[in-house]
2 protein chains.
Amino acid sequence: MSAYAELEARFRRMGLIGDAGAILGWDRETMMPEGSNAARSETVATLRVLRHEMLTDAKVGDLIDEAGGDNALDDWQRANLAEMKRSRIHATAIPAGLVAALTKATGECEMVWRNARPASDFAALLPYLKKVLDLTREKATVKSAALGVPPYQALMEEFEPGGRTERIDAIFDDYAAFLPGFLDRVLTHQANRAEPIRPKGPFPIEKQKALGECLMKLIGFDFNHGRLDVSAHPFCGGVPDDVRITTRYTEDDFTQSLMGVLHETGHAMYERQLPERWRWQPVGEARGMSVHESQSLLIEMQVCRGPEFMAFAAPLMRETFGGSGPAWEADSLRRLYSRVARSFIRVEADEVTYPAHVILRYRLEKKLIAGDLALEEVPAAWAEELKGLLGIVPPDDRRGCLQDIHWPDGIFGYFPTYSLGAMTAAQLFDSAKRTDASILPSIARGDFAPLMAWLRGNVHGLGSKLSTDELLTRATGRPLDPAVFKAHLKARYLA
Amino acid sequence: MSAYAELEARFRRMGLIGDAGAILGWDRETMMPEGSNAARSETVATLRVLRHEMLTDAKVGDLIDEAGGDNALDDWQRANLAEMKRSRIHATAIPAGLVAALTKATGECEMVWRNARPASDFAALLPYLKKVLDLTREKATVKSAALGVPPYQALMEEFEPGGRTERIDAIFDDYAAFLPGFLDRVLTHQANRAEPIRPKGPFPIEKQKALGECLMKLIGFDFNHGRLDVSAHPFCGGVPDDVRITTRYTEDDFTQSLMGVLHETGHAMYERQLPERWRWQPVGEARGMSVHESQSLLIEMQVCRGPEFMAFAAPLMRETFGGSGPAWEADSLRRLYSRVARSFIRVEADEVTYPAHVILRYRLEKKLIAGDLALEEVPAAWAEELKGLLGIVPPDDRRGCLQDIHWPDGIFGYFPTYSLGAMTAAQLFDSAKRTDASILPSIARGDFAPLMAWLRGNVHGLGSKLSTDELLTRATGRPLDPAVFKAHLKARYLA
């Protein structure tokens, strides 16, 4: 067996163990009774450690070195080897003691955060978050050395391979400069039109579920290879051959759950259309978090909140719930689904203001990692940033720096991918429509096949073969260009 | 670390991998969409291979040898070491090539069986079953050499450690001699009484489920550590901290599903009450299949089909389904639940005739493994045995030798555990009632706590610390004594 072939065999095994962990993770959020949480943690940790041991095995390093000189490898195999190398560098960079310390510190911090958030008690969180931050800075330092990039970027690399802070700084500064004036114009424009009427419930959960499943199928979700279930926090889990998305329902309102389902369906289609030939190999996995988020936002924001899809879906909504009157008209529903407002909570923000929440966090976490901001100063810095970006100041930390689980969980460097994803989505959809003129008229008929074919050819089917920049350049002719996103916002919110 | 401590660490990891496989197995039967079957097979096989590699690692053999001389070990640790050794002998006995050949042959044979059974086409199955049998005989030979017991017994060892054919021969021959005369008397006795009236449906599935859950809770099932779901073939799966039982419902009849739920609850309580201190260690696992089956049959057959429980449960059934009239009286329901009849299908047989189906299979499979019976002769031998035991001859192979999945699946040596379990159940329950006079009156009030406490102390909490014989002797004063089962049958069916 060649060194490369042996690597494929080893990574296949790691991939399959990862699949087991993915289904167990889904089960934990959807099916598992609470009492078995401790036992489940042991099981999941064992699988993770096993995989880590396989990846950090010195023999894998030797095989990677050897395979590097193999001239018989084709493009996919070379890309696969590069991804193997990348994941191994990440796995070997951090000493076992630091991994254990971080697991312990984030576990404790998350527990404290669960109470500190509703109590708006940042002081209670502070000592725990400090420990997490100290260890994360340590991790950033060792990763920086291993990867040869600055510390914050080294953290980001886990989620966004190839992501560079200078690029992101430029993109985000540009948006931060654009936003205040644009937001004023959007809000004025919005105020000059009639307010959309909110359909009145109750909306039976069984009907919401049926509508969600119906739209999922139209998008291309194959229920022979996936499921829709309920969990406290919606997510897309499972494995490419068995994608499992979740939502949560409330009888008062169907609109949030429905858009959540469409969002997760976007993630799911990416997983489902990953290259089957490369299943259980690193190159067969999704490219990174900004591309993943671009797929959910392309479906939810670009397509499903747009006028073509709304015109198609409004009658379905009306029929499902037996509604009638102006609240159920496509235009009213569309305006309801594209309402803009200044607000404090990131996950409830609209498409226009969402990047402000991300830019704020990105700026603060970069300073935190660099040591240029003390945790004690975060609430004040938060208020100052939000004031500059949206013109509002959070009344308390619950609606400020305590709202997200990311930092207590030790996740630094993830936030930018949300907005990079939104911008990527705009650019991809713009290109898709230009390349295939049938895409938009098809969506207006509830037919997603042309769009999905384009996405398979330009994003999904490529797995991790190309870098994010290469992928975007191949699909759209250039790397990420925030002008497309801004043009989309102007067209949607000022028309 | 001592050799023993290192063994515990290694087996703990194997146990946790086994837990992952158990949840994935449950998911496959209850939640997984069909399309992901192939991918799931790969995942489950990977976990199995990993565990096998860990167990057969030469280092484990060395550690077992070394730990054998460790005088500091207590009884539990010694028993644990013995179980480690036992599982390792089983794992190392069979060459990898034979394992692979058997996996392939049984996979193919099971596929053919799925069509051959409804078509009653034994000839179609024959060549595939022949391959399975040949390989199983090869396995029996190598296992026989490794374990130092005769070939059939070596196969049985996997399911029933310590099971001996001479003992089982004697027990089964005794029952075979007892049955014909006893059955005639039971049927005459039954014919002289009014037939029970069958409650008329439909019985809404939601109500059946609620009733099942209500009775499960009374028995002691903790829904914070387990679930009840639906699958094509009911089973008890999951892990001790998260026991997952299944059933299937039909609206026409609630009685079968309900007794199925109570049966699986018996299995579940055994798993739940296994010694927590020894979780993920071999000694912490259930003793063997006859003891496991004794726990389901103790709950279903000994307790729940008995007059005390029926008197308690009948009003619950009546209320659940809004029934009234003589069909819902406790005595009628009890007689309905203890109807005896000569029949062809094992899984539908009553408590009295069930052992006949088992004895038949046991006799034939012993001969098949010994080479004293050709597969071609099985249908005729089946008819002859059934005639001798029950006085009936199957009209076709569908209702004869094609009815069970066991042989096509390569499972030889398992059948006897069903009836050994039934007899063990009778003996354990008899002792429990003698030891604690409050058990039966409590059951009559729907209170299972005294019975469960006795079972925890005498069966569940012992894990695999004692052999089956030792366990039964400790709990009842003697090894398996079929007279207790016969006395139970006489009391129930001739009174």
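Just so you know, the residues in each chain are numbered from 1, in the order the chain's sequence is written. Each chain is given a letter, starting from A, and each ligand a number, starting from 1, according to the order in which they appear as written. Given that the model is predicted, a residue must reach a pLDDT of at least 70 before its local features are reported, and side-chain atom pairs must reach 80 or more before they are shown or counted; all residues, however, enter totals for whole chains, interfaces and linings. To obtain the side-chain values, all non-hydrogen atoms of the structure were included, while hydrogens and water were left out.

### A closer look at the side chain of Thr136 of chain A
All names here are of chain A.
At step 1: Helix and strand labels come from DSSP, where a helix needs a run of H or I of at least four residues and a strand needs a run of E of at least two; each type is numbered from the N terminus. By the element assignment, Thr136 lies in helix H6 (residues 122–147).
At step 2: Engagement of the side chain of Thr136 in a polar contact is seen with the backbone oxygen of Val132, the distance being 2.6 Å.
At step 3: Contact partners of Thr136, with chain neighbours within four places excluded, come to Leu102, Leu155, Ile369, Gly410 and Phe412. In protein, a polar contact requires one atom able to donate a hydrogen and another able to accept it; more generally it is a pair of N or O atoms within 3.5 Å, and residues adjacent in sequence count only if both atoms are side-chain atoms. In what follows, a contact means two residues having at least one pair of non-hydrogen atoms within 4.5 Å.

### Section: the sheet that holds strand S3 (residues 242–247) of chain B
Residue and element names in this part refer to chain B.
At step 1: Whether two strands pair comes down to DSSP finding at least two bridges between them. Within the open sheet, the three strands sit side by side as S1-S3-S2. Their pairing is mixed. Edge positions in the sheet fall to strand S1 (226–230) and strand S2 (236–239), since each of these pairs with one other strand and no more. Averaged over all pairs of adjacent strands, the angle between their axes in this sheet comes to 20°, without regard to strand direction.
At step 2: Pairing between S2 and S3: four bridges, direction antiparallel. Directly across from Cys236, in S3, lies its bridge partner Ile245.
At step 3: Interaxial angles span 0 to 180 degrees and are taken between N-to-C directions of axes, which are lines fitted to C-alpha atoms, for helices over the stretch in contact. The strands touched by helix H10 (residues 255–272) are S1, S2 and S3; relative to S3, the strand with the most contacts, the crossing angle is about 165°.

### Considering the relation of the copies chain B and chain A
At step 1: To line up the copies, we fit them by least squares on C-alpha atoms, keeping just the residues with pLDDT of at least 70 in both. Superposition of chain B onto chain A requires a rotation of 180° combined with a translation of 0.0 Å along the rotation axis, giving an RMSD of 0.0 Å. Taken together, these values place the two copies in the relation of a two-fold axis.
At step 2: In this assembly, 100% of the residues forming the interface of chain B have copies in chain A that are likewise at the interface, indicating an isologous arrangement.

### Overview of the pairing of strand S3 (residues 242–247) of chain A
All names here are of chain A.
At step 1: Taking burial as the measure, the six residues of S3 include six buried ones, the bulk of the element.
At step 2: The buried label applies to any residue whose accessible area, calculated with a 1.4 Å probe on protein chains only, is under 20% of its type's maximum; exposed applies above 50%, and partly exposed to all values in between. Side chains Asp242, Arg244 and Thr246 project from S3 onto one buried face, and the interleaved Val243, Ile245 and Thr247 project onto a second face that is buried too.
At step 3: As paired strands, strand S1 (residues 226–230) and S3 are joined by five bridges and run parallel to one another. Bridged to Leu228 within S3 is Ile245.
At step 4: Taking the residues that link successive antiparallel strands as the turn, the strand S2 (residues 236–239)-S3 hairpin has two residues.

### With respect to the environment of Glu157 of chain A
Residue and element names in this part refer to chain A.
At step 1: Here Glu157 is to be found in the loop between helix H7 (151–156) and helix H8 (165–191).
At step 2: As a C-alpha pair, Glu157 and Leu147 span 10 residues in sequence and 8.8 Å in three-dimensional space.
At step 3: Those residues within four positions of Glu157 in sequence are excluded, and the remaining contacts are Arg86, His90, Leu147, Gly162 and Gly163.
At step 4: A polar atom in the side chain of Glu157 sits 2.7 Å from the backbone nitrogen of Gly162.

### Focus: the domain arrangement of chain A
Residues and elements named next belong to chain A.
At step 1: Here the limits of each domain have been adopted from an automatic or database domain assignment. If you check the domain split of chain A, you get domain 1 (3–156) and domain 2 (160–495).
At step 2: Counting from both sides, the interface comprises 47 residues of domain 1 and, opposite them, 56 residues of domain 2.
At step 3: Approximately 4500 Å² of surface area, both sides summed, lies buried where domain 1 meets domain 2, with 66% of it carried by carbon and sulfur atoms.
At step 4: When two components associate, each loses some accessible surface as probed by a 1.4 Å sphere; the sum of these losses over both components is called the buried area. The largest per-residue losses of area from domain 1 upon contact with domain 2 belong to Trp76, Tyr152 and Met156, which jointly make up 20% of the total buried on that side.
At step 5: By salt bridge we mean one thing: a side-chain nitrogen of Lys or Arg within 4 Å of a carboxyl oxygen of Asp or Glu. In this structure, the connection of domain 1 to domain 2 is made through one salt bridge.
At step 6: One salt bridge in this structure joins Glu83 and Arg287, with 3.0 Å as the shortest N-O distance.
At step 7: Between the two partners, domain 1 and domain 2, sit 15 residue pairs in polar contact (both at pLDDT 80 or more).
At step 8: Listing elements by their share of the side of domain 1 that touches domain 2, those giving two or more residues are helix H1 (3–30), helix H4 (75–93), helix H5 (96–119), H6 and H7.
At step 9: Considering every element that reaches the side of domain 1 that touches domain 2, the biggest residue donor is H1, with 12 residues.
At step 10: Residues were grouped as follows: Ala, Val, Leu, Ile, Met, Phe, Trp, Tyr, Cys and Pro as nonpolar; Asp, Glu, Lys and Arg as charged; and all remaining residues, including Gly, as polar. Residues of the side of domain 1 that touches domain 2, tallied by class, amount to 25 nonpolar, eight polar and 14 charged.

### So, the interface of chain B and chain A
At step 1: If you look at the interface, chain B gives 35 residues, while chain A gives 35 residues.
At step 2: Both sides together, the interface formed by chain B and chain A hides about 2700 Å², and carbon and sulfur atoms give 62% of it.
At step 3: For the chain B face of the interface with chain A, the top three residues by lost area are Arg13, Met31 and Pro33 of chain B, together amounting to 18%.
At step 4: Along the contact surface separating chain B from chain A lie eight salt bridges.
At step 5: In this structure, the salt-bridge partner of Arg244 of chain B is Asp27 of chain A, at a minimum N-O distance of 2.7 Å.
At step 6: Applying the counting rule to chain B against chain A returns 14 residue pairs in polar contact (both at pLDDT 80 or more).

### Regarding the pattern of salt bridges
At step 1: Overall, the coordinates contain 72 salt bridges over all chains when judged by the stated rule.
At step 2: For Asp184 of chain A, the salt bridge identified is with Arg342 of chain A, shortest N-O distance 2.9 Å. Separated by 158 residues along the polypeptide, Asp184 of chain A in helix H8 and Arg342 of chain A in the loop between helix H13 (330–336) and helix H14 (354–370) bring together distant segments of the chain.
At step 3: Residue classification places Asp184 of chain A among the partly exposed positions, given a relative accessible area of 43%.
At step 4: The class of Arg342 of chain A is partly exposed, set by a relative accessible area of 36%.
At step 5: Residues Arg86 of chain B and Glu83 of chain B are paired through a salt bridge, measuring 3.1 Å at the closest nitrogen-oxygen approach. In this pair, Arg86 of chain B and Glu83 of chain B both sit in helix H4 (residues 75–93), three residues apart, roughly one turn of the helix.
At step 6: Overlapping salt bridges bring together Asp27 and Arg40 of chain A together with Asp242 and Arg244 of chain B as one network.

### Considering the nonpolar core
At step 1: In this text, buried Ala, Val, Leu, Ile, Met, Phe, Trp, Tyr and Cys residues form a nonpolar core when linked through side-chain atoms within 4.5 Å. Membership of the largest hydrophobic core comes to 124 residues, with the highest contact counts inside it found for Met317, Val378 and Leu451 of chain B.
At step 2: Discounting residues that sit within four places of it in the chain, Leu451 of chain B has contacts with Leu298, Ile299, Val303, Phe429, Ala432, Ile439 and Ile443 of chain B.

### With respect to the sheet that holds S2 of chain A
Neighbouring strands of a sheet are bound in pairs by backbone hydrogen bonds; such pairs are parallel or else antiparallel.
Residue and element names in this part refer to chain A.
At step 1: The three strands are arranged S1-S3-S2 in an open sheet whose pairing can be described as mixed. A single partner strand is all that each edge strand has here, and the edge strands are S1 and S2. Neighbour-to-neighbour, the strand axes of this sheet turn through a mean angle of 20°, independent of strand direction.

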